[in-house]
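One letter stands for each residue in the lines below.
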Amino acid sequence: MLLNRDGLVFVGKRRGGQHDPDKMDYLWQMPQGGIDRNEDPLAAAKRELIEETGVRSVELLAEAPEWYCYDFPPEVLARTRSGKFAGQTQLWFAFRFTGDESEIDLAPPGHKPEFSEWRWARMSELPGMIVPFKRSVYDKVVRAFAHLAG
(Lines give C-alpha, C1' and ligand atoms only; values in the text may rest on other atoms or scores of the structure.)
Protein backbone atom coordinates (compact mmCIF):
# COMPACT_ATOMS: atom_id res chain seq x y z
CA MET A 1 0.00 0.00 0.00
CA LEU A 2 1.44 3.33 -1.07
CA LEU A 3 0.03 6.34 0.78
CA ASN A 4 0.56 9.97 -0.07
CA ARG A 5 1.06 12.72 2.50
CA ASP A 6 -2.73 13.10 2.82
CA GLY A 7 -3.24 9.41 3.66
CA LEU A 8 -4.74 8.57 0.27
CA VAL A 9 -3.77 5.28 -1.41
CA PHE A 10 -2.28 4.73 -4.87
CA VAL A 11 -4.44 2.53 -7.10
CA GLY A 12 -3.77 1.53 -10.67
CA LYS A 13 -6.17 0.48 -13.40
CA ARG A 14 -5.14 -2.95 -14.70
CA ARG A 15 -4.12 -3.15 -18.36
CA GLY A 16 -5.04 -5.55 -21.08
CA GLY A 17 -7.28 -8.54 -21.43
CA GLN A 18 -10.96 -8.84 -22.13
CA HIS A 19 -13.04 -7.18 -19.46
CA ASP A 20 -16.66 -7.83 -18.67
CA PRO A 21 -18.50 -4.46 -18.91
CA ASP A 22 -20.41 -5.40 -15.75
CA LYS A 23 -17.12 -5.64 -13.85
CA MET A 24 -15.42 -2.45 -15.05
CA ASP A 25 -15.48 -1.04 -11.51
CA TYR A 26 -13.15 -3.84 -10.43
CA LEU A 27 -10.19 -2.94 -12.64
CA TRP A 28 -8.45 -0.92 -9.92
CA GLN A 29 -5.98 -2.38 -7.48
CA MET A 30 -2.91 -1.62 -5.41
CA PRO A 31 0.51 -2.68 -6.70
CA GLN A 32 1.38 -6.26 -5.81
CA GLY A 33 3.70 -8.96 -7.02
CA GLY A 34 5.63 -12.11 -6.38
CA ILE A 35 8.58 -12.85 -4.19
CA ASP A 36 11.58 -14.33 -5.96
CA ARG A 37 13.33 -17.38 -4.52
CA ASN A 38 15.36 -16.38 -1.42
CA GLU A 39 14.09 -12.78 -1.64
CA ASP A 40 13.13 -10.96 1.55
CA PRO A 41 9.42 -9.96 1.50
CA LEU A 42 10.17 -6.28 2.20
CA ALA A 43 12.77 -6.19 -0.58
CA ALA A 44 10.24 -7.85 -2.91
CA ALA A 45 7.58 -5.26 -2.01
CA LYS A 46 9.96 -2.40 -2.81
CA ARG A 47 11.07 -4.06 -6.07
CA GLU A 48 7.49 -4.65 -7.19
CA LEU A 49 6.57 -1.07 -6.32
CA ILE A 50 9.39 0.21 -8.53
CA GLU A 51 8.50 -2.19 -11.36
CA GLU A 52 4.80 -1.26 -11.36
CA THR A 53 4.90 2.46 -10.46
CA GLY A 54 8.47 3.69 -10.88
CA VAL A 55 8.30 4.92 -7.27
CA ARG A 56 11.50 4.73 -5.24
CA SER A 57 10.94 7.54 -2.73
CA VAL A 58 9.22 5.75 0.13
CA GLU A 59 9.45 5.20 3.84
CA LEU A 60 8.14 2.06 5.50
CA LEU A 61 5.16 2.76 7.77
CA ALA A 62 3.88 -0.69 8.73
CA GLU A 63 3.82 -4.40 7.98
CA ALA A 64 0.59 -6.39 8.10
CA PRO A 65 0.40 -8.63 11.18
CA GLU A 66 0.03 -11.80 9.11
CA TRP A 67 0.00 -13.26 5.61
CA TYR A 68 -3.35 -13.07 3.77
CA CYS A 69 -4.63 -15.64 1.25
CA TYR A 70 -7.17 -15.86 -1.53
CA ASP A 71 -8.13 -18.51 -4.09
CA PHE A 72 -8.65 -17.87 -7.78
CA PRO A 73 -12.19 -18.65 -8.94
CA PRO A 74 -12.50 -21.44 -11.54
CA GLU A 75 -13.02 -19.03 -14.46
CA VAL A 76 -9.81 -17.18 -13.62
CA LEU A 77 -7.87 -20.42 -13.21
CA ALA A 78 -9.08 -21.66 -16.58
CA ARG A 79 -8.38 -18.39 -18.38
CA THR A 80 -5.13 -17.12 -16.94
CA ARG A 81 -3.31 -19.40 -14.56
CA SER A 82 -2.71 -22.58 -16.61
CA GLY A 83 -3.37 -24.59 -13.45
CA LYS A 84 -0.04 -23.51 -11.94
CA PHE A 85 -1.40 -21.68 -8.89
CA ALA A 86 -4.73 -22.06 -7.10
CA GLY A 87 -4.41 -18.70 -5.36
CA GLN A 88 -1.99 -16.36 -3.66
CA THR A 89 -0.62 -15.77 -0.20
CA GLN A 90 0.49 -12.20 0.39
CA LEU A 91 2.30 -10.16 3.03
CA TRP A 92 1.37 -6.49 2.81
CA PHE A 93 3.46 -3.43 3.65
CA ALA A 94 2.40 0.21 3.91
CA PHE A 95 4.74 2.88 2.57
CA ARG A 96 4.56 6.66 2.64
CA PHE A 97 5.35 8.22 -0.74
CA THR A 98 7.94 10.90 -0.03
CA GLY A 99 8.65 11.97 -3.60
CA ASP A 100 6.97 14.17 -6.16
CA GLU A 101 4.16 12.77 -8.32
CA SER A 102 6.37 13.29 -11.38
CA GLU A 103 8.30 10.24 -10.13
CA ILE A 104 5.32 7.98 -10.86
CA ASP A 105 5.96 6.08 -14.10
CA LEU A 106 3.61 3.27 -15.07
CA ALA A 107 6.08 2.06 -17.71
CA PRO A 108 9.53 2.18 -16.10
CA PRO A 109 12.36 1.07 -18.41
CA GLY A 110 12.70 -2.69 -18.65
CA HIS A 111 9.26 -3.51 -17.26
CA LYS A 112 5.98 -4.34 -18.94
CA PRO A 113 3.29 -1.88 -17.77
CA GLU A 114 0.68 -3.42 -15.49
CA PHE A 115 -1.49 -0.31 -15.15
CA SER A 116 -2.95 2.00 -17.80
CA GLU A 117 -3.71 4.85 -15.37
CA TRP A 118 -3.51 5.65 -11.70
CA ARG A 119 -5.12 7.82 -9.04
CA TRP A 120 -5.26 8.38 -5.29
CA ALA A 121 -8.21 6.83 -3.42
CA ARG A 122 -9.53 6.81 0.11
CA MET A 123 -8.53 3.67 1.94
CA SER A 124 -12.16 2.92 2.72
CA GLU A 125 -12.89 2.70 -1.05
CA LEU A 126 -10.36 -0.06 -1.72
CA PRO A 127 -12.44 -3.21 -1.04
CA GLY A 128 -15.16 -1.98 -3.41
CA MET A 129 -12.64 -1.39 -6.21
CA ILE A 130 -11.02 -4.82 -6.32
CA VAL A 131 -12.31 -7.96 -8.02
CA PRO A 132 -14.62 -9.79 -5.61
CA PHE A 133 -12.33 -12.80 -5.07
CA LYS A 134 -9.63 -10.51 -3.60
CA ARG A 135 -12.03 -8.45 -1.51
CA SER A 136 -11.52 -10.32 1.77
CA VAL A 137 -7.78 -9.65 1.55
CA TYR A 138 -8.37 -5.96 0.87
CA ASP A 139 -10.74 -5.84 3.88
CA LYS A 140 -7.93 -7.24 6.06
CA VAL A 141 -5.31 -4.89 4.60
CA VAL A 142 -7.56 -1.88 5.21
CA ARG A 143 -8.16 -2.98 8.82
CA ALA A 144 -4.43 -3.52 9.37
CA PHE A 145 -3.50 -0.07 8.03
CA ALA A 146 -6.63 1.95 8.93
CA HIS A 147 -4.65 4.03 11.43
CA LEU A 148 -2.64 5.44 8.47
CA ALA A 149 -5.66 6.68 6.48
CA GLY A 150 -6.17 10.35 5.73
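Cut-offs and rules
Residues numbered from 1 in each chain as written. Predicted model: local features only at pLDDT ≥ 70, side-chain atom pairs only at ≥ 80, totals over all residues. Heavy atoms only, no water. Helix = DSSP H or I, 4+ residues; strand = E, 2+ residues; numbered from the N terminus. Buried < 20%, exposed > 50% of the residue type's maximum accessible area, 1.4 Å probe, protein only. Polar contact = N/O pair within 3.5 Å; in protein donor to acceptor, adjacent residues only side chain to side chain. Salt bridge = Lys/Arg side-chain N within 4 Å of Asp/Glu carboxyl O. Pairing = 2+ DSSP bridges. Core = buried A, V, L, I, M, F, W, Y, C linked by side-chain atoms within 4.5 Å. Contact = heavy atoms within 4.5 Å. Expected span 1.5 Å × (residues − 1).

A. Here's a closer look at the side chain of E39. Within the secondary structure layout, E39 lies in the loop between β3 (28–29) and α1 (41–53). Judged by its relative accessible area of 19%, E39 falls in the buried class. Here D36 takes part through its backbone nitrogen, which lies 2.8 Å from a polar atom of the side chain of E39. A polar side-chain atom of E39 sits 2.8 Å from a polar atom in the side chain of R47.

B. Structural view of the pattern of salt bridges. Enumeration according to the criterion identifies 6 salt bridges in this entry. Of the charged contacts in the structure, one is a salt bridge between E117 and K13, with a shortest N-O distance of 3.8 Å. Of the two residues, E117 sits in strand β8 (residues 115–121) while K13 sits in strand β2 (residues 9–14), which places them 104 residues apart along the sequence. With a relative accessible area of 38%, E117 lands in the partly exposed category. Between R47 and E51 there is a salt bridge, with the nearest N and O atoms lying 3.2 Å from each other. Taken together, the residues span about one helical turn, with R47 and E51 both in helix α1 at a distance of 4 residues. Several salt bridges converge on common partners, so that one network encompasses D36, E39, R47, E48 and E51.

C. How the structure looks around the pairing of strand β5 (residues 68–71). Along β5, the buried face is formed by Y68 and Y70; none of C69 and D71, which line the opposite face, is buried. Inspection of the sheet shows β5 paired to strand β6 (residues 87–90) by 4 bridges, in the antiparallel sense. Paired with C69 across the bridge in β6 is T89.

D. Fine view of the nonpolar core. Counting 27 residues, the largest nonpolar core has M1, M30, W92, M123, L126, V141 and F145 as the members making the most contacts within it. Elements with a minimum of two residues in this core: β2, β5, α3 (126–129) and α4 (135–145). No other element matches the 6 residues that α4 contributes to this core. F145 has contacts with M1, A62, E63, A64, W92, F93, A94 and M123, leaving out every residue within four places of it along the chain. Counting 13 residues, the second largest nonpolar core, distinct from the first, contains F10, L49, F93 and F95.

E. Here's a closer look at α1. Taking 1.5 Å of rise per residue, the 13 residues of α1 would be expected to cover 18 Å, and the 18 Å separating its terminal C-alpha atoms lies within 8% of that figure. Its buried side turned inward, α1 meets β1 (2–3), β2, β4 (58–63), β7 (93–97) and β8. The opening residue of α1, the one whose side-chain oxygen lies 3.0 Å from the backbone nitrogen of L42, is D40. Just beyond α1, the residue with positive phi is G54, at close to 80 degrees.

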